[in-house]
Amino acid sequence: MKNKLNVKVDVQLAAELIRNSGSMIAFTGAGVSVESGIPPFRGPEGLWSRYDPQCLDLDFFHSHPKESWTAIKSIFYDFFGKAKFNEAHRVLADFEAKGLLKALVTQNIDNLHQMAGSKNVLEFHGNSQKLICPHCKKIYLPEEVDLNVLPPRCVADKQILKPDFVFFGEGIPEAAYRRSLLAAQNADVVLIIGTTGEVMPAAMIPAEAKQAGAVIIEINTESSNYTNRITDIFLEGKASEVLLELEGLIRWEKGTKEEVTE
């Protein structure tokens, strides 16, 4: 276990790397939204301990749309829909606004990064706060659809609407995949936040950056699949607490980046 001095040095080094970065990206997972009240899918307290993951299987969705939509509504619209962004989301949005963070690759589908103000968000698995008609490709916001009548249908062609995120058995959106790989290959620093690196192919994004020469800063509450393989600096703790500490070590004066050393 590291002593407090080593931990402090690691945080200061991470802040310096962030301050001096030219093409930093962030790679986020479920852990960044836990403090917003959204549990991860996996694990003893995960959503799959309460719901059958079959509801998000593409074939099951097409063959049992009402049953699938009943679970989807409960998870993503009755529950997720009430979630608010937290300080971790806000700090990342602020890093982008100040020119430090060039892209944010997220596995999350909760839209909280965008709600916090992040603009260049590469959604690897899509976004639950959009519904799409698989037939005509018309996009709806949840509030534009009556989710008390399931399954919801497109007003144009009466086809069953689908949440615009990746189901089991469905491919990753090509544009998001391509842009995420490009961002990783061009990154000089990667912030891994709140993800264990278990879900493929998303988990390969930080490794692509590492192979291209990026420094990897990992923020997690416990060790992950990345920690002993590609991570250069491991900052243990909740996402919001660590990011707030990093933010506190950096200040902005007249549009320039300066590290607080006192």
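Scroll up to find the structure this text is about.
A few points on the structure. Computed from a prediction, not measured in an experiment: that's the story for all the values here. (Residues numbered from 1 in each chain as written. Predicted model: local features only at pLDDT ≥ 70, side-chain atom pairs only at ≥ 80, totals over all residues. Heavy atoms only, no water.)

### Re the packing of aromatic side chains
Here the structure, examined in full by the defined rule, presents 5 aromatic pairs. For the ring pair Phe165 and Phe167, a centre distance of 5.3 Å and an interplane angle of 15 degrees mean the geometry is stacked. A residue is classified by how much of its surface remains accessible, and Phe167, at 2% relative accessible area, is buried. For the cation-ring pair, Lys138 lies above Tyr140, with the distance from its terminal atom to the ring centre recorded as 5.1 Å. Just above the ring of Phe165 sits the side chain of Lys162; from NZ or CZ to the centre is 6.0 Å. (Phe/Tyr/Trp six-rings, centres within 6.5 Å; stacked < 30°, edge-to-face > 60°. Buried < 20%, exposed > 50% of the residue type's maximum accessible area, 1.4 Å probe, protein only. Lys NZ or Arg CZ within 6 Å of the ring centre and 35° of its normal.)

### Quick word on the sheet that holds strand β4 (residues 126–132)
An order of β5-β4-β6 is seen for the 3 strands of this open sheet, with the pairing classed as antiparallel. Sheet topology places β5 (139–140) and β6 (162–165) at the edges, where each strand pairs with a single neighbour. Of the strand pairs in this sheet, β4 and β6 are connected by 4 bridges, and their pairing is antiparallel. Bridge pairing links Gly126 to Phe165 in β6. In this fold helix α3 (residues 65–79) packs onto β4 and β6, with an angle of close to 130 degrees to the strand it touches most, β4. (Pairing = 2+ DSSP bridges. Helix = DSSP H or I, 4+ residues; strand = E, 2+ residues; numbered from the N terminus. Contact = heavy atoms within 4.5 Å. Axes fitted to C-alpha atoms, helices over the stretch in contact; angles between N-to-C directions.)

### Structural notes on the side chain of His89
With respect to the secondary-structure elements, His89 resides in helix α4 (residues 87–97). Polar contacts involving the side chain of His89 include one to the side chain of Ser33, which spans 3.3 Å. The residues touching His89, leaving out its near neighbours within four places in the chain, are Val32, Ser33, Ser36, Leu112, His113 and Ala116. (Polar contact = N/O pair within 3.5 Å; in protein donor to acceptor, adjacent residues only side chain to side chain.)

### A word on the side chain of His125
The topology assignment puts His125 in the loop between β3 (121–123) and β4. In this view, His125 contacts Thr106, Gln107, Ile109, Phe165, Val166, Ile172, Val199 and Ala202; residues no more than four positions away in its chain are not counted.

### Things to note about the pairing of strand β7 (residues 189–193)
With respect to burial, β7 is a largely interior element, 5 of its 5 residues being buried. Both faces of β7 are covered, namely the face carrying Val189, Leu191 and Ile193 and the face carrying Val190 and Ile192. Here strand β1 (residues 24–28) pairs with β7 via 4 bridges, running parallel. In the strand pairing of β7, Phe27 is matched with Ile192. In terms of strand pairing, β7 meets strand β8 (residues 215–220) through 5 bridges, oriented parallel. Across the sheet, residue Ile192 finds its bridge partner in β8, namely Glu218. Handedness of the crossover joining β7 and β8 through helix α7 (residues 204–211) is recorded here as right-handed. (Right-handed = clockwise from strand over helix to strand, strands pointing away.)

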